[in-house]
Amino acid sequence: RGNPPFEGEPLSPSQHLRKVFGRMGMEDREIVCLMGAHTLGRAHKNRSGEGAASTSHTKAGPGRTKGGSSWTKEWLVFDNSYFKELLQEEGDPELLRMGIDEALAEDKHFRVWVEKYAADQAAFFEDYAQAHEKMSELGAKFDPEEGVELDEERLKVVAEREAKKREEEEKRRAEEERKWREEE
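Values in this document were obtained by computation on a predicted structure and should not be read as measured data.

A. Just the pattern of salt bridges, in detail. A complete count under the given rule lists 15 salt bridges for this structure. Here Glu162 makes a salt bridge to Lys165, at a shortest N to O gap of 3.5 Å. With a gap of 3 residues between them, Glu162 and Lys165 both fall in helix H8 (residues 152–183), about one helical turn apart. When its relative accessible area of 46% is taken as the criterion, Lys165 is described as partly exposed. Note that Arg172 and Glu169 form a salt bridge whose closest N and O atoms lie 2.3 Å from each other. Placement of the pair is Arg172 and Glu169 together in helix H8, with a separation of 3 residues, close to one helical turn. Given the relative accessible area of 38%, Arg172 is considered partly exposed. Residues joined in a network through salt bridges with shared partners are Glu27, Arg29, Glu30, Asp127 and Lys134.

This is the structure we're talking about:
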């Protein structure tokens, strides 16, 4: 299932992952962790060339974002289900598996981490946070070097303002729904 990355590239999917992530100083554990982000989201065939137009897991997506193929059944939940799915011999045929996904289960050095994260979600979360931070800070220069401190009072004001906006939006939507139901 799925095509090898970058058709015509003479590398296997495992080699491709190590080449791409290796340029960023990532080791196998970090590669597997970051690939675990596939627990979220979908691929759309008309954009990536991968997956289906829609599946039973994605046909009722939120808002206007219906369709596509997801790697997991609950594609809006960040958890370790991606790794559990990779270990299934007869996985759900509607779930997306690209060559790079399959490589994680097939390559013995990657598989050690897939098995660990499938069994231990807390370990996945901890390692993912570290790998994501490492990737996010590649080439970053911090000024001032010691970092910045957030104004807790300002954060509280912003959070309250955002909560009020959400509350007003919910009221507006409820009113629209009420009117819509009256029209039926």
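B. Region of the structure containing the packing of helix H2 (residues 28–35) against helix H7 (residues 121–136). Remark: H2 packs on H7, axes separated minimally by 9 Å, with the N-to-C direction vectors making an angle of 100 degrees. Taken together, H2 and H7 sit at an angle that is classed as roughly perpendicular. Residues Arg29, Glu30, Cys33 and Leu34 of H2 pack against Phe124, Asp127, Tyr128, Gln130, Ala131, His132, Lys134 and Met135 of H7. Of the residues that constitute the contact of H2 with H7, the class distribution is 6 nonpolar, 2 polar and 4 charged.

C. Geometry of the side chain of Asp92. Topologically, Asp92 is positioned in the loop between helix H4 (81–86) and helix H5 (99–106). Nearest to the buried, unbridged Asp92 among oppositely charged side chains is Lys73, at 4.4 Å. Of note is the side chain of Asp92, whose polar atom sits 2.7 Å from the side chain of His57.

D. Up close: the packing of aromatic side chains. Per the stated rule, a full pass over the model turns up 10 aromatic pairs. Measuring from centroid to centroid gives 4.9 Å for Phe83 and Phe124, while their planes differ by 75 degrees, and the two rings are edge-to-face. Of the two residues, Phe83 sits in helix H4 while Phe124 sits in helix H7, which places them 41 residues apart along the sequence. Just as Phe83 is buried, Phe124 falls in that class too. Look at Tyr117 and Phe124: their rings are 5.8 Å apart centre to centre, the planes differ by 50 degrees, and that puts the pair in the tilted class. With respect to class, Tyr117 is no different from Phe124; both count as buried.

Thresholds, definitions, all that
- Residues numbered from 1 in each chain as written.
- Predicted model: local features only at pLDDT ≥ 70, side-chain atom pairs only at ≥ 80, totals over all residues.
- Heavy atoms only, no water.
- Salt bridge = Lys/Arg side-chain N within 4 Å of Asp/Glu carboxyl O.
- Helix = DSSP H or I, 4+ residues; strand = E, 2+ residues; numbered from the N terminus.
- Buried < 20%, exposed > 50% of the residue type's maximum accessible area, 1.4 Å probe, protein only.
- Axes fitted to C-alpha atoms, helices over the stretch in contact; angles between N-to-C directions.
- Parallel < 35°, antiparallel > 145°, perpendicular 65-115°, else oblique.
- Contact = heavy atoms within 4.5 Å.
- Nonpolar A, V, L, I, M, F, W, Y, C, P; charged D, E, K, R; others polar.
- Lys, Arg positive; Asp, Glu negative; His and termini not counted.
- Polar contact = N/O pair within 3.5 Å; in protein donor to acceptor, adjacent residues only side chain to side chain.
- Phe/Tyr/Trp six-rings, centres within 6.5 Å; stacked < 30°, edge-to-face > 60°.

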